[in-house]
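Working through the structure, step by step
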Amino acid sequence: MSVFKFLISKTFLKQLVLAIVAIVVLCFLMLTWLKSTTNHGEFETVPELKGKSISVAEMELNENNLVMQIQDSANFNPDYPKFSVIEQEPAAGTKVKEDRKIYLTLNHRAIEKLRFQI
């Protein structure tokens, strides 16, 4: 039997149709499963945390089902109280998924003046 005759035979066409139906069904099932497990379309809004203390920031993040991650930094900004949030990533108002980490940079204590003796 030639290849052309095989490609137009009923056996081959049945198998081709069955394979296409199986792929469509598997894709539909996979997309349905992904939609339910990733909470597609459900978001939390990141609150404004700049200038707030660690405890207040943690409470606000817990209320919004978000997780706090403190970044190590030696930044100091005299406009903010000691150990308050001076930067956050992602920015306030951003829509993110539940349990997303919000990275916070804290204001360390005032920079101490060093005296040098000559």
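In the block above lies the structure referred to throughout.
Let us look at the structure shown here.

What the three strands build is an open sheet, ordered 2-5-3; its pairing is mixed. Each having just a single partner strand, strand 2 (67-71) and strand 3 (85-89) make up the two edges of the open sheet. With direction set aside, neighbouring strand axes in the sheet form an average angle of 30 degrees. Judged from the four bridges that link them, strand 3 and strand 5 (residues 101-106) form a sheet pairing that is antiparallel. Each residue of the ladder has a partner; that of Glu89, found in strand 5, is Tyr103. Strands in contact with helix 3 (residues 54-63) are strand 2, strand 3 and strand 5; relative to strand 2, the strand with the most contacts, it is inclined by about 145 degrees.

Turning our attention to the packing of aromatic side chains. Counted by the stated rule, this structure contains one aromatic pair. Relative to Phe12, the ring of Phe6 lies with its centre 5.3 Å away and its plane at 55 degrees, an arrangement referred to as tilted. Residue Phe6 is classed as partly exposed on the basis of its relative accessible area, which comes to 39%. Classification of Phe12 as partly exposed rests on a relative accessible area of 25%. The ring of Phe43 has Lys97 sitting right over it, with the charged end atom 5.1 Å from the ring centre.

Parameters at a glance
Residues numbered from 1 in each chain as written. Predicted model: local features only at pLDDT ≥ 70, side-chain atom pairs only at ≥ 80, totals over all residues. Heavy atoms only, no water. Pairing = 2+ DSSP bridges. Helix = DSSP H or I, 4+ residues; strand = E, 2+ residues; numbered from the N terminus. Axes fitted to C-alpha atoms, helices over the stretch in contact; angles between N-to-C directions. Contact = heavy atoms within 4.5 Å. Phe/Tyr/Trp six-rings, centres within 6.5 Å; stacked < 30°, edge-to-face > 60°. Buried < 20%, exposed > 50% of the residue type's maximum accessible area, 1.4 Å probe, protein only. Lys NZ or Arg CZ within 6 Å of the ring centre and 35° of its normal.

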